[in-house]
Amino acid sequence: MTNIWWIRRDLRLNDNAALHSALEAGSVLPVFILDPAFENLSPRRKSFLYEGLSALDKDLRKRNSYLVIRKGKPIDALRQLFDEIKAEAIHTEEDYTPYARERDALIQKLLPLKLIQGQTVHHPKIIRKQDGRPYTVYTPYSKVWKAQLSKIKLHPAPDRIDSPKGIRSEPIPAFETNPFFRAGEAEALRRLKKFTDSPISNYADDRNRMDLDGTSALSPYLRFGMLGMRQAVNEALTAQRSNANAKGAEIWLNELIWREFYIQILYHFPHVAKTAFNPSLANIPWRNKASEYEAWKRGETGVPVVDAAMRQLKETGWMHNRARMIVASFLVKDLLIDWRWGEAWFMQNLLDGDLAANNGGWQWTAGTGTDAAPYFRIFNPVLQSAKFDPNGDYIRKWVPELQKINAKQIHAPWEYELNIAGYPSEPIVNREIVKDRTLSAYNISKEKVR
DNA sequence: TTTTGAGTTGTTCGA
DNA sequence: GTCGAACAACTCAAA
């Protein structure tokens, strides 16, 4: 009997729990469904997915199998396919977003759908406080997460996958290769090795430097499961045992745990997808000036580090983590634009756009999220720029208009009478008014609830 | 129930 | 240039 391996966010053969489960049951048909819900993703992001599917198909063909693509609502496509091949069951990696949970619950009523845990190390419902409620603070959560970690034994990629022949498949949609991020499992593993070979040793310091390749840049691969979370954690644990890498590995492991923390937050508090986690900050009177939002999206705010980061996003589909915080703080605190506007833009454009992590990050910056937002957490983009891009190399790379500006002047060119062709002479907002304006808007929301 | 210690990622100011 | 303190008040988690 044939079992369907329904691929969603696990485009890999190594350590794939759903594939493993399907293989134990018999012959396996790998299936990916092009859901109309993908339509509003950026072309770059869709390309990353399609290239990933193409890479997966090639890997499957080396193992006597192939990828079947179907289009439409998953429930319809699966019922059709299920009848067509007289399948025994559908095995799939459990996904925890509200959309996925609703979709899968509906399908489970009609078809034998087996949800296999694999997206996270710990299932989001496992880690709880003594009183049984989920954690809402990262540090105690992470301690328990680590304490409950047992030895990770990875499932190797299967040598051979036997699949029924000749099942109809849609073609993989055309895609453009992204020179900054090639998709696929082989590329993910290459990057993982490259990162743990070297940058991880300086990760503690360099991960914040926008001008260096100090981060793992694995997020797009983790997002689509071209690399599994367990594989990444396993590497972090291995690196922790080496003297040179121990500190960096510990910090990297914590970053990985942040991923699971936010997956868990979304799982237990699905309202965060729509509104503030903290109810007292759900009624901030945003300014929401559309022209400023557009300038932010285009990278034309007149603040070099913000513009560089926004252009990096547009050109590559990825943004350095430090830069994400800076542009988010600028949109929310300096322009007083609803964090959900920024969240939506990131979601559309980031290759790694993931509801849980993206929402968690935005709510954190906005101060509406799980940790209490100290009033003083308003980033000064000029200071951040000077600190984390000291020579201005990151800015020059993405904002060609500033190519000739020196390291001293590049962070705040408006302070020098430079007259730069094609670049705003002043930032779109005067920072002197920002702090008061933002704090009073936040206080209005707090008072409404009180 | 009460108490206690702690909480990712900053900025500004003055010594 | 460097350093430490102040910036508020609140909620969470555990004892």
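Worth saying up front: this structure is predicted, and the values here are computed from it rather than measured.

> Mind showing me how you'd approach the overall build of chain A here?
Check the secondary structure of chain A and you find 18 helices and five strands. Over its C-alpha trace chain A gives a radius of gyration of 23 Å, about what one expects of a compact globule, namely 22 Å for 450 residues. Dimensions of chain A, computed from C-alpha atoms along their principal axes, come out at roughly 75 × 50 × 45 Å. Evaluated residue by residue, chain A yields a buried proportion of 44% over its 450 residues. Here the contacts in chain A between residues at least 6 apart in sequence split such that 75% fall between residues at least 24 apart.

> Help me understand the domain arrangement of chain A, please; the structure alone is not making it clear to me.
The domain boundaries assigned to chain A delineate domain 1 (2-118), domain 2 (120-152 + 186-268) and domain 3 (279-449). Of note, the centres of domain 1 and domain 2, computed from C-alpha atoms alone, are 25 Å apart. At the interface, 14 residues of domain 1 touch 14 residues of domain 2. Here the residues of the side of domain 1 that touches domain 2 are counted per class, giving five nonpolar, five polar and four charged.

> Help me out: how do you make sense of unusual backbone geometry in this one?
Here the phi dihedral of Asn64 falls at roughly 75 degrees; this positive angle occurs in a residue that is not glycine. Among the secondary structure elements, Asn64 is positioned in the loop between α2 (43-61) and β3 (68-71). Given 13 C-beta atoms within 10 Å, Asn64 falls into the partly exposed group. Of note in the backbone geometry, Ala217 takes a positive phi value of approximately 50 degrees without being a glycine. Position of Ala217 among the secondary structure elements: in the loop between α7 (203-206) and α8 (219-223). With 19 C-beta atoms counted inside 10 Å, the residue Ala217 sits in the partly exposed group.

> Before we go on, may I ask you to explain the pairing of β3 in this structure?
Here is the key point about a regular strand: its side chains alternate between the two faces of the sheet. Bridge count between strand β2 (residues 27-34) and β3: four bridges; the pairing is parallel. By the bridge assignment, Ile33 is partnered in β3 with Arg70. A crossover links β2 with its parallel partner β3, the connecting element being α2, and its sense is right-handed.

> What should I look at first to understand the nonpolar core in this one?
Proteins that are soluble and globular tend to have nonpolar side chains buried together. If you look at the biggest cluster of nonpolar residues, it comprises 112 residues, and the most contacted ones within it are Trp5, Val31, Ala309, Ile326 and Val327. It is helix α10 (residues 246-268) that contributes the most residues to this core, ten residues altogether. The contact partners of Ile326, leaving out residues within four places of it in the chain, are Val305, Val306, Ala309, Phe379, Pro381 and Gln384.

> Explain the environment of Tyr141 to me, please; I cannot follow it from the model alone.
Counting through the fold element by element, Tyr141 comes out in helix α5 (residues 138-147). Residue Tyr141 is classed as buried on the basis of its 22 C-beta neighbours within 10 Å. Counting along the chain gives 14 residues from Tyr141 to Ile127, while the straight-line C-alpha distance between them is 7.4 Å. Contacts of Tyr141, omitting those with residues within four sequence positions, involve Ile127, Tyr135 and Phe261.

> Help me understand the packing of helix α3 (residues 74-85) against helix α4 (residues 98-110), please; the structure alone is not making it clear to me.
Two measures define how a pair of helices packs: the angle their axes make with one another and the distance between the axes. Taken N-terminus to C-terminus, the directions of α3 and α4 make an angle of 30 degrees; their axes are 10 Å apart at the nearest point. If you check the angle between α3 and α4, you find them roughly parallel. Both α3 and α4 take part in a crossing whose hand is right-handed. For the pair α3 and α4, contact is made by Pro74, Ile75, Leu78 and Arg79 and by Arg103, Leu106, Ile107 and Leu110, respectively. In terms of residue class, the contact of α3 with α4 is built from six nonpolar, no polar and two charged.

> Whenever I open this one, α2 confuses me. Can you help?
Each turn of an α-helix holds 3.6 residues, which means side chains three or four residues apart point in the same direction. Its 19 residues place the ends of α2 27 Å apart at the C-alpha level, agreeing with the 27 Å of an ideal helix rising 1.5 Å per residue. By the burial criterion, the buried members of α2 are Arg44, Arg45, Ser47, Phe48, Leu49, Tyr50, Glu51, Gly52, Leu53, Ala55, Leu56 and Asp59. In the core, the buried residues of α2 are packed alongside β2, α6 (185-197), α8 and α14 (339-349).

> When you look at the pairing of strand β1 (residues 2-7) in this model, what are you seeing that I'm missing?
With five of its six residues buried, β1 lies for the most part within the structure. In this view, the connection linking β1 to its parallel neighbour β2 by way of helix α1 (residues 17-25) has right-handed handedness. Looking at chain direction, β1 and strand β4 (residues 89-93) are connected through four bridges and run parallel. Bridging from a neighbouring strand, Trp5 pairs with His91 of β4.

> Where do I start with the sheet that holds β3 in this structure?
In a beta sheet, neighbouring strands pair by backbone hydrogen bonds and run either parallel or antiparallel. Read across the open sheet, the five strands follow the order β3-β2-β1-β4-β5; overall the sheet is parallel. If you trace the sheet from one side to the other, it starts and ends with β3 and β5 (113-116), each paired once. Going from strand to strand, the sheet's axes swing by 30 degrees on average, the running direction of each strand aside.

> Honestly, the packing of α5 against α10 in this entry has me stumped. Any pointers?
Their axes nearest at 10 Å, the elements α5 and α10 cross at an angle of 105 degrees. When the axes of α5 and α10 are compared, the pair comes out roughly perpendicular. Of the residues in α10, those in contact with Tyr138, Tyr141, Ser142 and Trp145 of α5 are Asn254, Ile257, Trp258, Glu260 and Phe261. Classifying every residue of the contact of α5 with α10 gives six nonpolar, two polar and one charged.

> What is the right way to look at helix α12 (residues 304-316) in this model?
Its 13 residues place the ends of α12 18 Å apart at the C-alpha level, agreeing with the 18 Å of an ideal helix rising 1.5 Å per residue. If you check which residues of α12 are buried, you get Pro304, Val305, Val306, Asp307, Ala308, Ala309, Met310, Gln312 and Leu313. In this fold, the buried residues of α12 make contact with α11 (290-298), α13 (321-334), α14, α16 (381-388) and α17 (393-398).

> Which parts of the structure should I look at to understand the environment of Lys146?
Among the structural elements, Lys146 can be located in helix α5. Taking C-alpha positions, Lys146 is 9.6 Å from Asn254, a pair spaced 108 residues apart along the chain.

Rules of the game
Residues numbered from 1 in each chain as written. Chains lettered and ligands numbered in written order. Predicted model: local features only at pLDDT ≥ 70, side-chain atom pairs only at ≥ 80, totals over all residues. Helix = DSSP H or I, 4+ residues; strand = E, 2+ residues; numbered from the N terminus. Rg over C-alpha atoms; globule rule 2.2 N^0.38 Å. Buried ≥ 20, exposed ≤ 12 C-beta atoms within 10 Å, placed from the backbone. Contact = placed C-beta atoms within 7 Å. Domains from an automatic or database assignment. Nonpolar A, V, L, I, M, F, W, Y, C, P; charged D, E, K, R; others polar. Pairing = 2+ DSSP bridges. Right-handed = clockwise from strand over helix to strand, strands pointing away. Core = buried A, V, L, I, M, F, W, Y, C linked by C-beta atoms within 7 Å. Axes fitted to C-alpha atoms, helices over the stretch in contact; angles between N-to-C directions. Parallel < 35°, antiparallel > 145°, perpendicular 65-115°, else oblique. Left-handed = near helix turned anticlockwise from the far one by under 90°. Expected span 1.5 Å × (residues − 1).

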